[in-house]
Amino acid sequence: MNENLFTSFTSPTMMGLPIVTLIILFPSMLFPSPGRLINNRLTSIQQWLIQLTSKQMMLIHNHKGQTWTLMLMSLIMFIGSTNLLGLLPHSFTPTTQLSMNLGMAIPLWAGTVAMGLRTKTKASLAHFLPQGTPFPLIPMLVIIESISLLIQPMALAVRLTANITAGHLLIHLIGGATLALINISAITALITFIILTLLTVLEFAVALIQAYVFTLLVSLYLHDNT
Amino acid sequence: MAGPETDAQFHFTGIKKYFNSYTLTGRRNCVLATYGGIALMILYFKLRSKKTPAVKAT
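Residues numbered from 1 in each chain as written. Chains lettered and ligands numbered in written order. Predicted model: local features only at pLDDT ≥ 70, side-chain atom pairs only at ≥ 80, totals over all residues. Heavy atoms only, no water.

Digging into the overall build of chain A
For chain A, the helix and strand inventory stands at eight helices and two strands. Its helices and strands taken in sequence order, chain A reads α-β-β-α-α-α-α-α-α-α from the N to the C terminus. Taken over the C-alpha atoms alone, chain A extends approximately 70 × 55 × 40 Å along its principal axes. By residue count, 36% of the 226 residues in chain A fall in the buried class. When contacts within chain A are restricted to residue pairs at least 6 apart in sequence, those whose partners lie at least 24 apart make up 71%. When the accessible surface of chain A is totalled, it reaches about 13400 Å², and 73% of it is carbon and sulfur. (Helix = DSSP H or I, 4+ residues; strand = E, 2+ residues; numbered from the N terminus. Buried < 20%, exposed > 50% of the residue type's maximum accessible area, 1.4 Å probe, protein only. Contact = heavy atoms within 4.5 Å. Areas by Shrake-Rupley, 256 points an atom, 1.4 Å probe, with all protein chains shown as cover.)

As structure tokens, this is what we get:
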């Protein structure tokens, strides 16, 4: 039982060869490129969704911030589709791996910080000290603000990893409990199955929300630095 | 958000003109001074530990 619980999080292999790269690239194959002026229904829905999301997310940014639109839209689509595909039984979810989420969070966060330091150095440095701080508290607050800045990419990555991993583990556990209870008590198994169904619905929502939260936070860090 | 146009409303004199928590320049200088102070402290303790031996020679 213990061994079964964590095997879904190990790096997947097929006939001894690692296929994690293929799995990471797979969601992109599900999004058709709009090749015509008027596309088919699926492509039109996809375009409409991307336009809706990009308008809602990028409206707060100035011209410089809006140059990141492609990056942020790709990010939300990638994380959202990867999380949703991970809800299929026996599939591997790349976003359960902290290494991958750190690989997304750190460069994006560092990019926003570097952009801020390059374009408005004075304001970026001044951000480390809130306006109106009493004089004796200044050094302490500068240190605290610096630590909170450095924690940002870690929090981004760990938030996504923990949410998706915890959800998958819960589904695994409750699914196992449902199966075990079928022979013992049918009514309890039914209740557990209803809980499992509700949890699965929740995990669908969490998959999309976590993608949105990740992208929104990167967008906010960008807004602070442009 | 404080900017160059709002910095003009503050009239500080002396050292407060350069180190305060209201103007953009003041805040930036305070931050740089804090980082500089930390760097100097680290440098001081690094150089000091080389001079004092672990065991005194008898």
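Digging into the UniProt feature "transmembrane region" (unreviewed entry) in chain A
All names here are of chain A. Under the feature "transmembrane region" (unreviewed entry), the UniProt entry names residues 12-31, 67-88, 100-117, 137-158, 170-198 and 204-222. Between the end C-alpha atoms of residues 170-198 the distance is 12 Å, and the span holds 90% helix and 0% strand. Secondary structure within residues 204-222 divides into 100% helix and 0% strand; the distance between the first and last C-alpha atoms comes to 28 Å. (UniProt positions renumbered as here; feature names shortened; annotations may be inferred.)

Points about helix 7 (residues 138-182) of chain A
Owing to its 3.6 residues per turn, the α-helix aligns residues three or four sequence positions apart on the same side. Its 45 residues give helix 7 of chain A an end-to-end C-alpha distance of 63 Å, which sits within 8% of 66 Å, the value for a rise of 1.5 Å per residue. At Q152(A), helix 7 of chain A shows its maximal kink, close to 35 degrees; a proline, P153(A), follows between one and four residues later. (Expected span 1.5 Å × (residues − 1). Bend = angle between axes of the 7 residues up to and from the residue.)

Quick look at the UniProt feature "transmembrane region" (unreviewed entry) in chain B
UniProt feature "transmembrane region" (unreviewed entry): in the numbering of this structure it lies at residues 26-45 of chain B. Secondary structure content for residues 26-45 of chain B is 100% helix and 0% strand, and the end C-alpha separation is 29 Å.

Notes on the confidence of the model for chain B
Low pLDDT marks stretches whose predicted atomic positions should not be read closely. Looking at chain B, the pLDDT average stands at 79 and 69% of residues meet or exceed 70. Taken over the whole predicted complex, pTM reads 0.87, whereas the ipTM for its chain interfaces reads 0.75. (pLDDT = per-residue confidence, 0-100.)

Considerations on helix 3 (residues 41-58) of chain A
Residues and elements named next belong to chain A. For helix 3, spanning 18 residues, the distance from its first C-alpha to its last is 25 Å, which sits close to the expected 26 Å at 1.5 Å a residue. Along helix 3, the residues classified as buried are T43, Q46, S54, M57 and M58. Around the axis of helix 3, the buried residues are gathered within 80 degrees of arc, so they sit on the same side. Exposed side of helix 3, more than 90 degrees from the buried face: R41, W48 and K55 are the residues found there. Of the surrounding elements, those touching the buried residues of helix 3 are helix 4 (69-85) and helix 8 (186-225). (Arc of directions from axis to C-beta.)

Concerning the side chain of T226(A)
All names here are of chain A. On the secondary structure map, T226 appears in the segment after helix 8. On the basis of relative accessible area, T226 is assigned to the buried category, the value being 15%. Not counting residues within four places of it along the chain, the set of residues in contact with T226 comprises N62, K64, G65, M115 and K120.

Here we look at the packing of helix 5 (residues 98-119) of chain A against helix 7 of chain A
Residue and element names in this part refer to chain A. Across the interface, helix 5 lies against helix 7 with an axial gap of 8 Å and an inter-helix angle of 145 degrees. The handedness of the crossing between helix 5 and helix 7 is right-handed. Residues L98, N101, L102, M104, A105, I106, W109 and V113 of helix 5 lie in contact with helix 7, whose contacting residues are L149, L150, Q152, P153, M154, L156, A157, V158, L160 and T161. Residue composition of the contact of helix 5 with helix 7, grouped by class: 15 nonpolar, three polar and no charged. (Axes fitted to C-alpha atoms, helices over the stretch in contact; angles between N-to-C directions. Left-handed = near helix turned anticlockwise from the far one by under 90°. Nonpolar A, V, L, I, M, F, W, Y, C, P; charged D, E, K, R; others polar.)

Considering the confidence of the model for chain A
With 99% of its residues at a pLDDT of at least 70, chain A reaches an overall mean of 92. Confidence, expressed as mean pLDDT per element, reaches its minimum in chain A at helix 1 (residues 2-7) of chain A with 70 and its maximum at helix 4 of chain A with 96.

So, the packing of helix 7 of chain A against helix 8 of chain A
Residue and element names in this part refer to chain A. Running from amino to carboxyl end, helix 7 crosses helix 8 at an angle of 170 degrees, the nearest separation of the two axes being 9 Å. Taken together, the axes of helix 7 and helix 8 are roughly antiparallel relative to one another. Across the contact of helix 7 with helix 8, the residue classes tally to 22 nonpolar, eight polar and two charged. (Parallel < 35°, antiparallel > 145°, perpendicular 65-115°, else oblique.)

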